[in-house]
Every structure is written in structure tokens, then in C-alpha cells.
Amino acid sequence: MVTFASVARKIGNPRLEKVLAQLAANVETEVHNAKHIPKLSDVRDNLKLLKGEAQRFEKALNKISLLDIPSNAIEGLRIARKTTRDVSALCDKALPNISVKRGAPKRPGRVTCALIVIEAWAFERGRPPGANNAKAQEACDDYWRAYGGQPIGKGDPGNWRKTIKDALADRSALRRYIREEIRFDAERRSSELSKKAFARRNK
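Worth saying up front: this structure is predicted, and the values here are computed from it rather than measured. (Residues numbered from 1 in each chain as written. Predicted model: local features only at pLDDT ≥ 70, side-chain atom pairs only at ≥ 80, totals over all residues. Heavy atoms only, no water.)

1. A few points about the overall build of the protein chain
Line of reasoning, step 1. Along the backbone of the protein chain there are eight helices and zero strands.
Line of reasoning, step 2. Element order for the protein chain, N to C, with α for helix and β for strand: α-α-α-α-α-α-α-α.
Line of reasoning, step 3. For a compact globule of 203 residues, the expected C-alpha radius of gyration is about 17 Å, and the protein chain comes in at 28 Å, more than 25% above that figure.
Line of reasoning, step 4. The dimensions of the protein chain, computed from C-alpha atoms along their principal axes, are 100 × 45 × 30 Å.
Line of reasoning, step 5. Here the protein chain holds 203 residues, and 32% of them are scored as buried.
Line of reasoning, step 6. When contacts within the protein chain are restricted to residue pairs at least 6 apart in sequence, long-range pairs at least 24 apart make up 75% of them.
Line of reasoning, step 7. Carbon together with sulfur atoms contributes 54% to the accessible area of the protein chain, which is approximately 13,000 Å² in total.
Line of reasoning, step 8. Mean positive and mean negative side-chain charge positions of the protein chain (42 and 24 charges, respectively) differ by 4 Å. (Helix = DSSP H or I, 4+ residues; strand = E, 2+ residues; numbered from the N terminus. Rg over C-alpha atoms; globule rule 2.2 N^0.38 Å. Buried < 20%, exposed > 50% of the residue type's maximum accessible area, 1.4 Å probe, protein only. Contact = heavy atoms within 4.5 Å. Areas by Shrake-Rupley, 256 points an atom, 1.4 Å probe, with all protein chains shown as cover. Lys, Arg positive; Asp, Glu negative; His and termini not counted. Charge placed at Lys NZ, Arg CZ, Asp CG, Glu CD.)

Here it is, written out as C-alpha cells:
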């Protein structure tokens with residue numbers, strides 16, 4: 001059974017266990033949020049459907065003669081026609097701005113998982129691992145499963161090579177946050193050890 005403790009040992013420092021466990025919340029949040037982000041292709045399809053229905057409704061309205069309805073309903077007919085035209089215009093304006101290449105990440109949580117591993121690795125060993133580093137790939141796979149993720153592919157750690165490569169190229173604020181949290185945890189542990197040592201000397 002893989003645990004955050006075993007991942008910490010694989011990275012090279014068992015004391016990283018606590019911060020690795022804490023940072024896993026970022027992976028969990030990303031995976032959870034991705035489930036609620038609709039595919040942009042679906043959004044485009046829905047807008048096209050809406051535009052088509054609005055145009056059909058407008059055609060139906062245009063078949064109604066003002067002579068066929070009570071005078072007190074004429075204003076309502078005018079508003080309905082304008083509304084359908086506005087809906088069609090809205091769809092025309094929105095559709096060009098929706099790229100089918102964006103939307104929910106295809107591998108939610110995986111790059112974040114790799115970011116945590118490579119930053120912990122860099123903190124412990126002085127530099128991040130390469131994307132082809134088999135031990136780093138295993139650490140990512142173990143961390144993913146320790147968080148609760150399902151095996152990637154057939155469970156081959158080599159499946160993490162591209163994800164690690166993407167993580168190494170990442171320059172986001174999230175990566176800086178992860179780096180700072182790992183450093184802060186180490187400083188906190190060092191401070192606690194110093195206080196304990198001081199307390200023992202002064203007994």
C-alpha cells in the first residue's frame with residue numbers, strides 16, 4: 001500500500017510526509033472542480049441549438065399578423081420578436097469566443113501532483129528530476145495513488161513522463177506556492193527542533 005510516508009522516503013526525506021499530505025488537498029480540489037466544468041464543445045452545441053430554436057420561434061412569430069391579435073397584445077408580440085433577435089445576436093457574439101481547445105483539463109490533478117513531487121525532490125536534492133527519471137515517475141505514481149487517484153493507464157509509472165515534462169515547464173503561481181509551502185514546513189520543523197533542544201539544555 002502506498003502512502004505519503006512511502007512517497008517521502010522515495011523522494012529522500014521521510015520528514016516530507018506531512019507537507020506532502022497537506023498539499024494533496026490541491027490535487028483533490030482540482031480533480032473535484034474539473035467534474036463541474038462543462039466541455040466547451042457541449043457549450044458550443046448548446047448555443048447553436050439555442051440560436052436555431054430562437055430563429056424558428058422568430059419565424060413563427062412573423063407569421064402572426066397584427067390584425068389577428070387583440071390590440072392589447074401587439075406590444076407583447078413586438079417584445080417577443082425583439083427578444084428572439086437578441087437571443088440570436090447573443091449566440092452569434094458568444095460562439096466565436098469559445099474555443100473547443102480549452103475547458104476542463106484533460107488530466108485534472110496530474111500536473112499538480114507532478115509539481116508537488118518535483119518541488120519536494122528539488123528541495124531535498126538541490127534540483128528537480130528530469131522527465132525520464134524512473135524514480136521520479138514512480139514517486140508521482142505513488143503520490144497519485146496515495147491521494148486516492150486511480151491507476152494511470154495500466155499502472156506503468158512511465159506514463160508520468162509527459163506530465164513531469166509539463167510540470168517542469170510550468171511557471172505558475174501554484175508552483176511557487178507549493179515551493180514556499182515545502183520550504184515553510186522545513187523551517188517550521190527546524191524551529192521546533194531548536195526549541196526542543198534548547199528546552200533540554202535548560203532543564
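2. Concerning the environment of Ala21
Line of reasoning, step 1. Of note, Ala21 is situated in helix α2 (residues 17-34).
Line of reasoning, step 2. Given a relative accessible area of 33%, Ala21 falls into the partly exposed group.
Line of reasoning, step 3. In this structure, the C-alpha to C-alpha distance between Ala21 and Ala5, residues 16 residues apart in sequence, is 8.7 Å.

3. Here we look at the pattern of salt bridges
A side chain of one charge can pair with a side chain of the opposite charge when the charged atoms of the two come close.
Line of reasoning, step 1. Applying the stated criterion to the full structure yields 15 salt bridges.
Line of reasoning, step 2. A salt bridge links Arg145 to Asp141, with the nearest nitrogen and oxygen atoms 3.4 Å apart. Taken together, the residues span about one helical turn, with Arg145 and Asp141 both in helix α6 (residues 134-147) at a distance of four residues.
Line of reasoning, step 3. On the basis of relative accessible area, Arg145 is assigned to the partly exposed category, the value being 35%.
Line of reasoning, step 4. The partner of Asp166 in a salt bridge is Lys162, and the shortest N-O contact between them spans 3.1 Å. (Salt bridge = Lys/Arg side-chain N within 4 Å of Asp/Glu carboxyl O.)

4. A few points about the packing of aromatic side chains
Line of reasoning, step 1. Applying the stated rule across the entire model yields three aromatic pairs.
Line of reasoning, step 2. Judged by centre distance (5.3 Å) and plane angle (55 degrees), the ring pair of Trp144 and Tyr147 falls under tilted. Within this pair, Trp144 and its partner Tyr147 are both found in helix α6, separated by three residues, close to a single helical turn.
Line of reasoning, step 3. By relative accessible area, which is 7% here, Trp144 ends up buried.
Line of reasoning, step 4. Centre to centre, the rings of Trp144 and Trp160 are 5.9 Å apart; their planes meet at 65 degrees, and the pair counts as edge-to-face. Linking Trp144 in helix α6 with Trp160 in the loop between α6 and α7 (161-169), this pair joins segments that are 16 residues apart in sequence. (Phe/Tyr/Trp six-rings, centres within 6.5 Å; stacked < 30°, edge-to-face > 60°.)

5. Focus: the nonpolar core
Line of reasoning, step 1. In terms of nonpolar packing, the biggest core is built from 31 residues, with Ile11, Leu16, Leu20, Tyr143 and Ile164 touching the most fellow members.
Line of reasoning, step 2. Every element with two or more residues in this core is listed here: α1 (4-11), α2, α5 (110-125), α6, α7 and α8 (173-201).
Line of reasoning, step 3. No other element matches α5, which puts eight residues into this core.
Line of reasoning, step 4. What Leu16 contacts, discounting residues up to four positions off in sequence, is Ala8, Ile11, Ala120, Phe123, Ile182 and Arg189. (Core = buried A, V, L, I, M, F, W, Y, C linked by side-chain atoms within 4.5 Å.)

6. A closer look at α2
Line of reasoning, step 1. Given a rise of 1.5 Å per residue, 18 residues ought to cover 26 Å, and the 26 Å separating the end C-alpha atoms of α2 matches this to within 8%.
Line of reasoning, step 2. Of the positions making up α2, those classed as buried are Val19, Leu20, Leu23, Ala24, Val27, Val31 and Ala34. (Expected span 1.5 Å × (residues − 1).)

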